[in-house]
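Architecture at a glance
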Amino acid sequence: MFDLTQQITDWINGLLIDGIISNFTGMFDSLNSRVVDIASQVGTPPDAWNANVFSLVRTLSETVVLPIAGMILTAILCYELIHMVIERNNMNDFDTFIIFKWIFKTFVAVYILTHTFDIVMAVFGLAQHVINQSAGVIGGSLNIDLALSDLENQLNAMETGELIGLYIESAILRLAIQAISLCVFIIIFGRMIEIYLVVSIAPIPLSTMVNREWGSIGNGYLKSLFALAFQGFLIMVCVAIYAALLGAIPSAGNIHVAVWSLAGYTLLLCFTLFKTGSLAKSIFAAN
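Residues numbered from 1 in each chain as written. Predicted model: local features only at pLDDT ≥ 70, side-chain atom pairs only at ≥ 80, totals over all residues. Heavy atoms only, no water.

Glancing now at the overall build of the chain. Across its full length, the chain holds 11 helices and 0 strands. In sequence order, the chain lays out its α and β elements as α-α-α-α-α-α-α-α-α-α-α. Across the 287 residues of the chain, 40% fall into the buried class. Taking the contacts inside the chain whose residues are at least 6 apart along the sequence as the reference set, 86% of them involve residues at least 24 apart. Approximately 15,300 Å² of the chain is accessible, and the part contributed by carbon and sulfur atoms is 66%. (Helix = DSSP H or I, 4+ residues; strand = E, 2+ residues; numbered from the N terminus. Buried < 20%, exposed > 50% of the residue type's maximum accessible area, 1.4 Å probe, protein only. Contact = heavy atoms within 4.5 Å. Areas by Shrake-Rupley, 256 points an atom, 1.4 Å probe, with all protein chains shown as cover.)

Structure below.
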């Protein structure tokens, strides 16, 4: 009777050990596939990320938004001219220099408006250069894995109850890693959709750049553009830090400590990835 009970216990323990090892094996494969792709995704400018979507956004901007921006610019320039004339004691103290000044501001404003997408692409080109340079530095640490060399020996020394608890923990952690992989996908693609939305309306805020009172709109827009562009760099830093933190976990003597450390770092990664957007805006003082 004792031998039968022991055999059943050993059989259950064997199933649990196989299940635990299976949960840990390849746990980070889906996340690694996302992480490896991050550098190319966040470092790709909007015109290259999806050419069809960018073409649609640019067409809408040039055919629908640009005429409105032109009317806004005309109103601003007329207001600017009237203000400069009245400011000089109703032309009693008129100086021809103000006309040349107004002509120069008009030229600059029209140039900015007609080169809106060149300016936008220059911002993302700068961010792409920074991200590509950083990828060469931190790219080697982006492959996340868990050492399993002595895991089976530790499991063989455990009782059935402890194995059941560890199996549940590892199953939950595996689901958490899958959720993080989905979060990375949502954040990367959500950021690009936000970029397309911001780029589509670019002519209107840039049409206000030359006016002192209205220029804050254009300045705020450029700050938001820089924040979106450099959010990709912050995302890469977050994932690289996460990978570096995981590298020290397998050395823990207690497998439960390793599991819960993994879970904690995974939740921390999820939180920091969602915070990269607001952090980038705060860095560039973008509202």
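Having seen the model, we can carry on.
In this fold, Ile164 is placed in helix α8 (residues 160-200). Taking the relative accessible area as the measure of exposure, Ile164 reaches 40% and is therefore partly exposed. With 145 residues separating them along the chain, Ile164 and Gly19 place their C-alpha atoms 9.9 Å apart.

Scanning the model with the defined rule gives 3 salt bridges in all. For the salt bridge of Arg58 with Glu62, the shortest nitrogen-to-oxygen distance reads 3.0 Å. Note that Arg58 and Glu62 are positioned in helix α4 (residues 51-87) at a spacing of 4 residues, about one turn of the helix. Arg58 gets classed as partly exposed once you look at its relative accessible area, which sits at 33%. With a relative accessible area of 38%, Glu62 lands in the partly exposed category. For Lys105, the salt bridge goes to Glu80, with nearest N and O atoms at 2.4 Å. Remark: Glu80 occurs in helix α4 and Lys105 occurs in helix α5 (residues 97-114); sequence separation between them is 25 residues. Here the two residues Lys105 and Glu80 agree in accessibility, since each one is buried. (Salt bridge = Lys/Arg side-chain N within 4 Å of Asp/Glu carboxyl O.)

Taking 1.5 Å per residue as the helical rise, helix α10 (residues 215-246) with its 32 residues ought to reach 46 Å, and the 47 Å between its terminal C-alpha atoms agrees with that figure. The largest bend in α10 comes to about 30°, at Phe230. (Expected span 1.5 Å × (residues − 1). Bend = angle between axes of the 7 residues up to and from the residue.)

Moving on to the packing of α8 against α10. The interhelical angle for the contact between α8 and α10, taken along N-to-C directions, is 165°, at an axis separation of 10 Å. Taken as axis vectors, α8 and α10 run roughly antiparallel relative to one another. For α8 against α10, the interelement crossing comes out left-handed. Along the contact surface, α8 presents Ile177, Ile187, Ile188, Arg191, Glu194, Ile195, Val198 and Val199, while α10 presents Tyr221, Leu225, Leu228, Ala229, Gln231, Gly232, Ile235 and Tyr242. (Axes fitted to C-alpha atoms, helices over the stretch in contact; angles between N-to-C directions. Parallel < 35°, antiparallel > 145°, perpendicular 65-115°, else oblique. Left-handed = near helix turned anticlockwise from the far one by under 90°.)

Now for the nonpolar core. Ile38, Val42, Leu173, Val184, Ile235, Leu269 and Leu273 are the most contacted members of the largest nonpolar core, which has 26 residues in total. Mapped by element, the contributors of at least two residues to this core are α1 (2-24), α2 (29-42), α8, α10 and α11 (255-283). With 9 residues, α8 is the single largest residue contributor to this core. Setting aside chain neighbours within four positions, we find Ile235 in contact with Ile38, Val42, Ile187, Ile188, Arg191, Leu273 and Thr276. Counting residues in each nonpolar core, the second largest holds 22 residues, with Met121, Ile195, Val198 and Ala202 among its members. (Core = buried A, V, L, I, M, F, W, Y, C linked by side-chain atoms within 4.5 Å.)

What follows covers the packing of aromatic side chains. For the structure shown, the criterion picks out 8 aromatic pairs. Between Phe107 and Tyr111, the ring centres sit 6.3 Å apart and the planes meet at 35°, which makes this aromatic pair tilted. Residue Phe107 and its partner Tyr111 are located together in helix α5, separated by 4 residues, close to a single helical turn. Taken together, a centroid distance of 6.0 Å and an interplanar angle of 25° make the contact between Phe226 and Phe284 stacked. Linking Phe226 in helix α10 with Phe284 in the segment after α11, this pair joins segments that are 58 residues apart in sequence. Through a chain of ring-to-ring contacts, the aromatic side chains of Trp49, Phe185, Phe189 and Tyr196 assemble into a single cluster. (Phe/Tyr/Trp six-rings, centres within 6.5 Å; stacked < 30°, edge-to-face > 60°.)

Moving on to the confidence of the model for the chain. On average, the chain scores 78 in pLDDT, and the residues at 70 or more come to 74%. Mean pLDDT across the elements of the chain ranges from a minimum in helix α7 (residues 151-156), with 67, to a maximum in helix α9 (residues 203-206), with 92. (pLDDT = per-residue confidence, 0-100.)

It is worth spelling out the environment of Ser22 at this point. Inspection of the secondary structure assignment puts Ser22 in helix α1. A C-alpha to C-alpha distance of 9.5 Å links Ser22 and Ala171, two positions 149 residues apart in sequence.

Tracing the backbone through its elements, the reader meets Asn211 in the loop between α9 and α10. Assessed through its relative accessible area of 3%, Asn211 is described here as buried. Looking at Asn211, its side chain comes within polar contact range of the side chain of Glu80, at 2.6 Å. If sequence neighbours within four positions are ignored, Asn211 has contacts with Ile76, Tyr79 and Glu80. (Polar contact = N/O pair within 3.5 Å; in protein donor to acceptor, adjacent residues only side chain to side chain.)

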